[in-house]
Amino acid sequence: MSSFSTGLSSKLAIISAIVILPLNSAMAEDPTVNRMIASQCAQCHGTNGYARGSFPDLGGDEAKDQADHLLDMKGEDRAEDMMDHQALGYTDDQIRRIAQYYSTLPESGDD
Amino acid sequence: MSLTRRNFIQMVPASAAALALTSGSTAKAAEPIHHVTVLGGGFAGCTIAKYIRMWSDGEIAVTLIEPRANHVSCVMSNLILNKRLKTADLTFEYNDLQLKYGVNVVRDKALKIRGPQKQIRLKNAGWISYDSLVVATGIQFDKIPGLNYKNAPHAWIAGGSTNKLRNLINKMPDTGTFVMTVPKTPYRCPPGPYERACVVADILGRRSGYLDGSGSTPPRVIVLDANPGIQAEKSTFTSAFNDLYGGIIEYIPDAQVESVESDDPNSLVVHTTQGSFGGDVINVIPTHGAQSILRRSGLTGESRWADVDPVTYATTNTLFQDVYVIGDAQGTSQPKSGHMANAQAKICADSIIRTVHGQSSYTEERLQNITTNSACFSPITYDKASWLTAVYSYNPDTGSMALVPGSLGEAHNWSTRNFNDMFDWSNNLFADTFK
């Protein structure tokens, strides 16, 4: 019985490793999930990040620069601007995903 | 556009594909693999129609059914009252959805949904089958005894009613009395009624000279709130009501409308649980719920709104398969606004595309990343505005959307910069929705 339990635990551990490993790897990210999160920026920053008026375009920015910018807003001692509050609404991982998504889009569009 | 049942069914996929072909878009010309029918051409309906076409790369056909020829945005419509905007500035045609994205737009009115049969009944085309159905039909006002919209326009579904209210304000005495009501929550656009009170106080306060000191008699703006307190931007509106418009605005909480006298335009009275209030102009915004088609079809159950799963926006009524409700008609706790309707439409669009492709909407990765956000600006004066923002995230433990701590914020003051940003915000929102 003891042996059976140990064996089962080992098997479960191996199965868990197989299942969990891809989730921990950026390679396994579902790109449509990134697109879904990032699309929530479009209400203010335009479809695919091509903004009208004075609001910044998002398409084509370096992912690291954009993520750092959002993380800086999130880290403000006291949220002042609308974007400070918006940044507080997202996890660091979501911010990275948003930045990653927009970095893959062209700098400007016809919208 | 009038269609018989037979030619409606026959033309939809072909028409959508043909439009996509002629638009020069990236949409594929192949026969669609699925057909989504959308009821309602407002913020929720137009956004989901556009995004399903865009994200499915034209694989999924979309038909949008809307009884009106165009949509007049409620967003920014208080600026029609002070003539900063005209109705035409807020009117959006469906041409871009048709030509750029290949959405088939049909002018008709949906009357009934039969879930088990997956059919809808249209006023002109009769009974039509659907693969998936998105209901984005907005709100419907409760009936209030004695309320005659001809003399007491609501201006809460933008269009002719908004113009009528503007004209009445234009004609009323400079030091007259404007009486307005705030509906019981949940209602469309939480800051909107308080914003309207400020806009009207600004109009009358300038016109009477009371605000610049050239006139000594204040106009009166009486705000009758069915709720126990201000429901949004409390700090901003408390300050505006008490300080900026002190002497003009009188705010009365817990005032629920019982009846209205409005058949005679010279005798307009609102009767509430806090007393009766007569005015030169009265603006009663009735309490509202989802449109009656949802209630008639059994999508609202005991609730005034449609219960949905915010992972997909599918109705929780299991008699209805592949039926989704988004925008103001759905019953999650998220605020009802055009911005939020747009946000929900994208979550729903992603889920429908996944379902069509045989993929789950319930992967751990997706569940951890379902977010919506709200942002809006409120004009407080002729050229100054405030703002309000919040982010909502899916909570798997409760199965509901929850406000993310720290994300709720409002402007510290009203400013010209905010007023200018308001136009950038709305222009981007309009473009992301209709263009």
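In this text, all values refer to a predicted model and were calculated from it rather than measured experimentally.

A. Quick peek at the overall build of chain B. Within chain B one finds 11 helices and 25 strands. Of all 435 residues assigned to chain B, the portion counted as buried reaches 59%. Residue pairs at least 24 apart in sequence account for 69% of intrachain contacts in chain B once pairs closer than 6 positions are excluded. When the accessible area of chain B is evaluated, it comes to approximately 16,100 Å², of which 48% is carbon and sulfur surface.

B. Region of interest: the pairing of strand β23 (residues 385–395) of chain B. Residue and element names in this part refer to chain B. With 10 of 11 residues buried, β23 is to be regarded as a mostly interior element. As paired elements, strand β22 (residues 371–379) and β23 share nine bridges and run antiparallel to each other. The partner of S374 across the bridge, within β23, is A390. Two successive antiparallel strands, β22 and β23, enclose a turn made up of five residues. Of the strand pairs in this sheet, β23 and strand β24 (residues 400–403) are connected by four bridges, and their pairing is antiparallel. Opposite Y394, over in β24, you have M401 as the bridge partner. Count of turn residues in the β23/β24 antiparallel hairpin: four residues, of which G399 carries a positive phi of about 70°.

C. Local environment of the pattern of salt bridges. Here the structure, examined in full by the defined rule, presents 21 salt bridges over all chains. The residue E365 of chain B makes a salt bridge to R97 of chain A at a minimum N-O spacing of 3.0 Å. One end of the pair, E365 of chain B, is in helix α10 (residues 364–367); the other, R97 of chain A, is in helix α6 (residues 92–103), on a second chain. You can call R97 of chain A buried: its relative accessible area is 6%. Where salt bridges share partners, they join E29, D93, R96 and R97 of chain A together with E365 of chain B into one cluster.

D. Focus on the sheet that holds strand β6 (residues 110–114) of chain B. All names here are of chain B. Overall, antiparallel pairing links the three strands, which are arranged β6-β7-β8 in an open sheet. Two strands bound the open sheet, and with one partner strand each, they are β6 and β8 (126–129). Between one strand axis and the next, the sheet turns through 25° on average, direction left out of account. Where β6 lies against strand β7 (residues 119–122), four bridges are found, and the strand directions are antiparallel. When the sheet's bridge partners are listed, A110 is paired in β7 with L122.

E. Representation of the interface of chain A and chain B within the structure. Listed by partner, the interface residues are 37 residues for chain A and 48 residues for chain B. Between chain A and chain B lies a buried interface of about 3,300 Å² when both sides are counted; carbon and sulfur atoms form 50% of it. For chain A, the biggest contributors to the area lost against chain B are M36, Q43 and M82 of chain A; these three give 21% of the whole. Inspection of the chain A/chain B interface yields two salt bridges. In this structure, the connection of chain A to chain B is made through 22 residue pairs in polar contact (both at pLDDT 80 or more). Counting residues per element, the ones that place at least two in the side of chain A that touches chain B are α2 (31–38), α3 (42–45), α5 (82–88) and α6 of chain A. Here the side of chain A that touches chain B takes five residues from α2 of chain A, the largest share from any one element.

F. Summary view of the pairing of β22 of chain B. With nine of its nine residues buried, β22 of chain B lies for the most part within the structure. Burial along β22 of chain B is two-sided: T371, N373, A375, F377 and P379 of chain B and T372, S374, C376 and S378 of chain B, pointing in opposite directions, are all buried.

Thresholds applied
Residues numbered from 1 in each chain as written. Chains lettered and ligands numbered in written order. Predicted model: local features only at pLDDT ≥ 70, side-chain atom pairs only at ≥ 80, totals over all residues. Heavy atoms only, no water. Helix = DSSP H or I, 4+ residues; strand = E, 2+ residues; numbered from the N terminus. Buried < 20%, exposed > 50% of the residue type's maximum accessible area, 1.4 Å probe, protein only. Contact = heavy atoms within 4.5 Å. Areas by Shrake-Rupley, 256 points an atom, 1.4 Å probe, with all protein chains shown as cover. Pairing = 2+ DSSP bridges. Salt bridge = Lys/Arg side-chain N within 4 Å of Asp/Glu carboxyl O. Axes fitted to C-alpha atoms, helices over the stretch in contact; angles between N-to-C directions. Buried area = accessible area lost by both parts, 1.4 Å probe. Polar contact = N/O pair within 3.5 Å; in protein donor to acceptor, adjacent residues only side chain to side chain.

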